[in-house]
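Residue-level structural notes
The lines below spell out each chain.
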Amino acid sequence: ATGRCKHLIAVDGSMDLFNRAWCIAEIAEGKRLRMHQSLKLVSKKVLIRRQRTLQKIDIANMECTNENDLQIILTKIQKYVSIPGFNEQLQS
């Protein structure tokens, strides 16, 4: 673990962060480093409203301007967890 380091993940109302490859890459790196991660949401109402979206997250479908970047990110994540396994971690 990383000692006292914590990773605060600030999420806006659209929750687009979960569709953006580099944002997910940062979350994945925090998980790999076993950092304590927590989400800061606009409101609980947003979480409830977007619950289905979050339950269907699939990092293989992330948005990325450069397709090569997406493949690099997915390959790096797969070095320590499967894509379905990582999706499950994000969804929980």
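Since we're looking at a predicted model, the values are computed, not measured.

With that settled, consider helix α1 (residues 21-32). Helix length check: α1 (twelve residues) gives 16 Å between terminal C-alpha atoms against 16 Å at 1.5 Å per residue, within 8%. Of all the residues in α1, the buried ones are A21, C23, I24, A25, I27, A28 and G30. Where α1 is buried, its residues contact β1 (6-11), β2 (36-41), α4 (67-78) and α5 (83-91). Downstream of α1 by a residue or two, R34 has a phi angle that is positive, lying close to 60°.

Bringing the packing of α1 against α5 into the picture now. In the contact formed by α1 and α5, the axes pass within 12 Å of each other and the chain directions differ by 90°. With respect to each other, α1 and α5 are oriented roughly perpendicular. Side by side, α1 and α5 meet where I24, I27, A28 and K31 of the first sit next to F86, Q89 and L90 of the second. Classifying every residue of the contact of α1 with α5 gives five nonpolar, one polar and one charged.

Criteria and cut-off values
- Residues numbered from 1 in each chain as written.
- Predicted model: local features only at pLDDT ≥ 70, side-chain atom pairs only at ≥ 80, totals over all residues.
- Heavy atoms only, no water.
- Helix = DSSP H or I, 4+ residues; strand = E, 2+ residues; numbered from the N terminus.
- Expected span 1.5 Å × (residues − 1).
- Buried < 20%, exposed > 50% of the residue type's maximum accessible area, 1.4 Å probe, protein only.
- Contact = heavy atoms within 4.5 Å.
- Axes fitted to C-alpha atoms, helices over the stretch in contact; angles between N-to-C directions.
- Parallel < 35°, antiparallel > 145°, perpendicular 65-115°, else oblique.
- Nonpolar A, V, L, I, M, F, W, Y, C, P; charged D, E, K, R; others polar.

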